[in-house]
Amino acid sequence: MKILIADAFDASLPGRLAPFGDVTGDMGKLPEAEVLLIRSKTKVTKEMLGGAPNLKLVIRGGVGLDNVDKEACKARGIEVMNTPKASSVAVAELAMALMLAVPNRLVEAHNGMKEGKFLKKELKRTELYQKTLGLLGIGLIGTEVAKRAKAFGMKVIAYDPFVLNHDVAQIKHSMDEVLKESDYLSIHTPLTDQTKGMLNRDAFAKMKKGVIIVNTGRGKVVAEQDLADALRSGQVGAYATDVWSSDPPPPDSPLLAAPNVLMTPHIGASSKENLLRIGDIVVEILEKRG
Ligand code: NAD
């Protein structure tokens, strides 16, 4: 079996896959590859598949499959698999880290110290305790965030068209209810035709003034220019995001210049432990195929 590892996995993975055949990280070997391992960086497009005549299986280490043209794979008889359960804790912990960093003013405090400024009086903190967290999407990751937010004493509400009841969160039957009631809003939906741009000017106008939005879902769920405008006007208090309309965002992304944006470079799934879990699942998949 010829295996091509296109994206960043745990360093142990090539060695673990060696018993299954030839393993390479050289994209020049795409024409020979039978199995392609990707995360979110590599885009599996129709054009790319044109250069991969021997491909039989694409494994996406991670959750979303929005970087894979599933129809084009299907048309070619190429199987597509992912590792949907591995990343929930890793992403939920980053969502909590972002959610804690904003009201605790961690970045301003740290930067101030580095600049020799002791901003004890200037930096006013607020607490998560007794605030309402609204989750958009309460699948695997949303559920892990809900449990952690509960432990902080937050009231957790959620909108998810496919979830009617939940053990931890109170399910609201319209997104508007969640938008109106939330002090914090955390995005955990996939990118679909329905979710693309769903947080736009109209949606921001329905939210509480000063709402803090955390996005570890997908960048394109927010309309970036509308969000930059809402941050400037103060309608949105802060936007803490791990995800972008593209990786990396273009230099003229309106969010890079907007105030009160806390940014990470799409590292939600990149914990050491998660990369090992993803590797375990990739090995299991290949073992099952014999
Ligand atoms: P999941 O499938 O378990 O949960 C997604 C939930 O979103 C589902 O319950 C689904 O019903 C719900 N949903 C779908 N359309 C919706 C809509 N219009 N409004 C509200 N809810 C809707 O997936 P998951 O494992 O929880 O992952 C969620 C998303 O997180 C992924 O699709 C991916 O985009 C993102 N993700 C990001 C990172 C990262 O590195 N930041 C890593 C992994 C996953």
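So, here is what we can say about the structure in this document.

Bringing the overall build of the chain into the picture now. For the chain, the helix and strand inventory stands at eleven helices and twelve strands. Relative to a compact globule of 290 residues, whose C-alpha radius of gyration would be 19 Å, the chain shows 21 Å and is just as compact. Taken over the C-alpha atoms alone, the chain extends approximately 60 × 50 × 35 Å along its principal axes. Looking at the chain as a whole, 47% of its 290 residues qualify as buried. Per element, the accessible surface of the chain, about 14400 Å² overall, is 55% carbon and sulfur. Within the chain, one finds 39 positive and 35 negative side-chain charges whose respective centroids are separated by 4 Å.

This brings us to helix H11 (residues 272-289). Here H11 contains 18 residues, and its C-alpha end-to-end distance of 26 Å stays within 8% of the 26 Å for a straight helix at 1.5 Å per residue. Listed in full, the buried residues belonging to H11 are Asn274, Leu275, Ile278, Gly279, Val282, Val283, Ile285 and Leu286. Check the buried side of H11 and you find it contacts strand E1 (2-5), helix H1 (13-17), strand E3 (35-38), strand E4 (57-60), strand E5 (79-82) and helix H4 (88-101). Positive phi appears at Gly290, one or two residues downstream of H11, with a value of about 75 degrees.

To continue, consider the packing of H4 against helix H6 (residues 140-151). With their axes 8 Å apart at the nearest point, H4 and H6 run at an angle of 50 degrees to one another. Overall, the two elements H4 and H6 adopt an arrangement that is oblique. The two elements H4 and H6 meet at a crossing, and its hand is right-handed. Side by side, H4 and H6 meet where Ser88, Val89, Val91, Ala92, Glu93, Ala95, Met96 and Met99 of the first sit next to Leu140, Ile141, Glu144, Val145, Arg148 and Ala149 of the second. For the contact of H4 with H6, the residue count by class is ten nonpolar, one polar and three charged.

Here we come to unusual backbone geometry. For the bond running from Asp247 to Pro248, omega is -10 degrees, close enough to zero to count as cis. In this structure, Pro248 sits in the loop between strand E11 (236-241) and helix H10 (254-257). Within the chain, Asn260 stands out as a residue other than glycine whose phi angle is a positive 60 degrees. Tracing the sequence through the fold places Asn260 in the loop between H10 and strand E12 (261-263).

Attention shifts here to the sheet that holds E12. Pairing is parallel in the open sheet, where seven strands are placed in the order E8-E7-E6-E9-E10-E11-E12. Bordering the open sheet on either side are strand E8 (170-171) and E12, each of which pairs with just one other strand. Here strand E9 (residues 184-187) pairs with strand E10 (residues 211-215) via four bridges, running parallel. Along E10, the bridge assignment pairs Tyr184 with Ile212. Most of the contacts of H6 go to strand E6 (residues 132-136), to which it runs at about 175 degrees, and overall it touches E6 and strand E7 (155-159).

Turning our attention to the nonpolar core. Core analysis: the largest hydrophobic core is formed by 29 residues, its most contacted members being Met99, Leu133, Leu135, Ile138, Val145, Met154 and Tyr184. Elements with a contribution of two residues or more to this core: H4, E6, H6, E7, E10 and E11. Residues in contact with Leu133, not counting those within four places in the same chain, are Met99, Val145, Ala149, Met154, Lys155, Val156, Ile157, Ser182, Tyr184, Leu185 and Ser186. Judged by nonpolar contacts, the second largest core, of 26 residues, contains Met175, Ile213, Leu231 and Trp244.

For the rest of this paragraph, the subject is the side chain of Asp242. For Asp242, the location among the structural elements is in the loop between E11 and H10. Buried within the structure, Asp242 lacks any salt-bridge partner; its nearest side chain of opposite charge belongs to Arg218, at an N-O separation of 7.2 Å. At 2.7 Å, the side chain of Asp242 and the backbone nitrogen of Ile267 are in polar contact.

The strand order across the open sheet formed by five strands is E2-E1-E3-E4-E5, and the pairing between neighbours is parallel. The sheet terminates laterally at strand E2 (22-24) and E5, the two strands that pair on one side only. Across the sheet, the mean angle separating the axes of adjacent strands is 15 degrees when strand polarity is ignored. In terms of strand pairing, E1 meets E3 through three bridges, oriented parallel. Bridge pairing links Ile5 to Leu37 in E3. Across the sheet, H11 lies against E1, E3, E4 and E5, angled at about 155 degrees from E4, the strand it touches most.

Definitions and cut-offs
- Residues numbered from 1 in each chain as written.
- Predicted model: local features only at pLDDT ≥ 70, side-chain atom pairs only at ≥ 80, totals over all residues.
- Heavy atoms only, no water.
- Helix = DSSP H or I, 4+ residues; strand = E, 2+ residues; numbered from the N terminus.
- Rg over C-alpha atoms; globule rule 2.2 N^0.38 Å.
- Buried < 20%, exposed > 50% of the residue type's maximum accessible area, 1.4 Å probe, protein only.
- Areas by Shrake-Rupley, 256 points an atom, 1.4 Å probe, with all protein chains shown as cover.
- Lys, Arg positive; Asp, Glu negative; His and termini not counted.
- Charge placed at Lys NZ, Arg CZ, Asp CG, Glu CD.
- Expected span 1.5 Å × (residues − 1).
- Contact = heavy atoms within 4.5 Å.
- Axes fitted to C-alpha atoms, helices over the stretch in contact; angles between N-to-C directions.
- Parallel < 35°, antiparallel > 145°, perpendicular 65-115°, else oblique.
- Left-handed = near helix turned anticlockwise from the far one by under 90°.
- Nonpolar A, V, L, I, M, F, W, Y, C, P; charged D, E, K, R; others polar.
- Pairing = 2+ DSSP bridges.
- Core = buried A, V, L, I, M, F, W, Y, C linked by side-chain atoms within 4.5 Å.
- Salt bridge = Lys/Arg side-chain N within 4 Å of Asp/Glu carboxyl O.
- Polar contact = N/O pair within 3.5 Å; in protein donor to acceptor, adjacent residues only side chain to side chain.

Read these as layout, nothing more, since geometry by itself doesn't imply function.
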